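Structure at a glance
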Amino acid sequence: MKRAISAILLAGAALTGAAQTEETSFNGWGVRVGLDISIPGNWTFDNGNSVDMYKNGAGFTAGVVYNLPLVSELYFEPGLSMFYDTYAYKDLIVTDEPGEVVDTDPSIRKFGLRLPLMFGYRFNVFNGFSFSVYTGPELSYALSGKIGMKNPEAWGDISDLTLFGKNGGYRRFDCGWKIGIGFPIGRWFCGVEGSFGLLDMHKNDVSFHENRVSVSFGYDF
């Protein structure tokens, strides 16, 4: 993963340098799409013990942003996007009443909306080559969420379980803190971002947070 991110950053720098004759400043609307890597945290109990319950998963984000210059190269960039993210339980075996194994490592699947509120600063290095760093809160609301099974017919009534029902125990709303670095390539954009969950996503005594790393691409109008 570290090698992949390094390669993306180097490619962004090289492409931006090649686009020296194009305008890199941007004020206005843009579109963004991204590949998400969900990194859920451990379950933490009241006694301080923790358990690694999840495996990382993949997803995507797509939406719009609006870039508003503030002063000098400082800017504010709110946005609105849709997301579909997944991750899975780790080493979890589901059995039925007789004790037969009916499934292993079911997945968590969530679809919803995100509202990033980013403050950033653009560094104009030389001859059109620039990059920006940005950070700020990101609000999320899951419109739907469910546990995905490999063998749903074997679960019986449990197959109707959703994440947000009385038996699911998950919260729909989340707030994360996002940081990122982006490279404008003319009117095109590529960036690498990380979001750190600030809220406990469980309603019960067990707490955990959802984190995410994303690689995003976009176009600024």
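All of these numbers come straight from a predicted model, not from anything done at the bench.

1. Quick look at the overall build of the protein chain
Of the regular secondary structure elements, the protein chain holds one helix and 13 strands. The linear arrangement of helices and strands in the protein chain, starting from the amino end, is α-β-β-β-β-β-β-β-β-β-β-β-β-β. Within the span of the protein chain, comprising 221 residues, buried residues form 42% of the whole. A sequence separation of at least 24 residues applies to 66% of the contacts in the protein chain between residues at least 6 apart. Summed over all atoms, the accessible surface of the protein chain reaches about 11900 Å², with 62% contributed by carbon and sulfur.

2. Focus: unusual backbone geometry
Backbone geometry at Asp91 places phi at a positive 55 degrees, although glycine is not the residue there. Turning to its location among the elements, Asp91 is positioned in the loop between strand E6 (74–89) and strand E7 (93–95). The backbone of Asp105 shows a phi angle near 45 degrees, a positive value even though the residue is not glycine. In this structure, Asp105 sits in the loop between strand E8 (101–104) and strand E9 (107–126).

3. Some remarks on the packing of aromatic side chains
To describe a pair of aromatic rings, you give the distance between the ring centres and the angle between the ring planes. The tally for this structure, following the rule as stated, stands at 14 aromatic pairs. For the pair Trp43 and Tyr54, a centre-to-centre distance of 6.2 Å together with 75 degrees between the ring planes defines the contact as edge-to-face. Taken together, the residues Trp43 in strand E2 (residues 43–44) and Tyr54 in strand E4 (residues 54–55) connect sequence positions eleven residues apart. You'll find Trp43 and Tyr54 in the same group, each marked buried. What links up through ring pairs into an aromatic cluster is the set Trp43, Tyr54, Tyr87, Tyr89, Tyr170 and Phe208. One Lys or Arg, Arg32, reaches over the ring of Phe189 and ends 4.3 Å from the middle of that ring. Over the aromatic face of Phe83 sits the side chain of Arg114, whose NZ or CZ is 3.9 Å from the ring centroid.

4. Let's talk about the nonpolar core
By size, the foremost hydrophobic cluster in this structure holds 15 residues, and its most contacted members are Trp43, Tyr54, Tyr89, Ile108, Tyr170 and Phe208. Mapped by element, the contributors of at least two residues to this core are E6 and strand E10 (129–148). Those residues in contact with Trp43, other than ones at most four positions away along the chain, are Asn49, Ser50, Val51, Met53, Tyr54, Tyr89, His202, Val206, Ser207 and Phe208.

5. Some details on the pairing of strand E11 (residues 173–185)
Judged from the ten bridges that link them, E10 and E11 form a sheet pairing that is antiparallel. Looking at the pairing, Thr135 lines up with Ile179 of E11. Where E11 lies against strand E12 (residues 188–197), ten bridges are found, and the strand directions are antiparallel. Looking at E12, one finds that Trp177 is bridged to Phe196. Counting the residues between successive antiparallel strands, the hairpin from E11 to E12 contains two residues, one of them, Gly186, with a positive phi of roughly 65 degrees.

6. Brief notes about the pattern of salt bridges
It is possible for side chains bearing opposite charge to pair when their charged atoms get close. Summed over the entire model, instances satisfying the criterion amount to eleven salt bridges. Residue Lys178 is joined to Glu138 by a salt bridge in which the shortest nitrogen-to-oxygen separation is 3.4 Å. Placement of Lys178 in strand E11 and of Glu138 in strand E10 is noted, with a sequence separation of 40 residues between them. A single burial state applies to Lys178 and to Glu138, both of which are buried.

Here is what the cut-offs are and how they apply
- Residues numbered from 1 in each chain as written.
- Predicted model: local features only at pLDDT ≥ 70, side-chain atom pairs only at ≥ 80, totals over all residues.
- Heavy atoms only, no water.
- Helix = DSSP H or I, 4+ residues; strand = E, 2+ residues; numbered from the N terminus.
- Buried < 20%, exposed > 50% of the residue type's maximum accessible area, 1.4 Å probe, protein only.
- Contact = heavy atoms within 4.5 Å.
- Areas by Shrake-Rupley, 256 points an atom, 1.4 Å probe, with all protein chains shown as cover.
- Phe/Tyr/Trp six-rings, centres within 6.5 Å; stacked < 30°, edge-to-face > 60°.
- Lys NZ or Arg CZ within 6 Å of the ring centre and 35° of its normal.
- Core = buried A, V, L, I, M, F, W, Y, C linked by side-chain atoms within 4.5 Å.
- Pairing = 2+ DSSP bridges.
- Salt bridge = Lys/Arg side-chain N within 4 Å of Asp/Glu carboxyl O.

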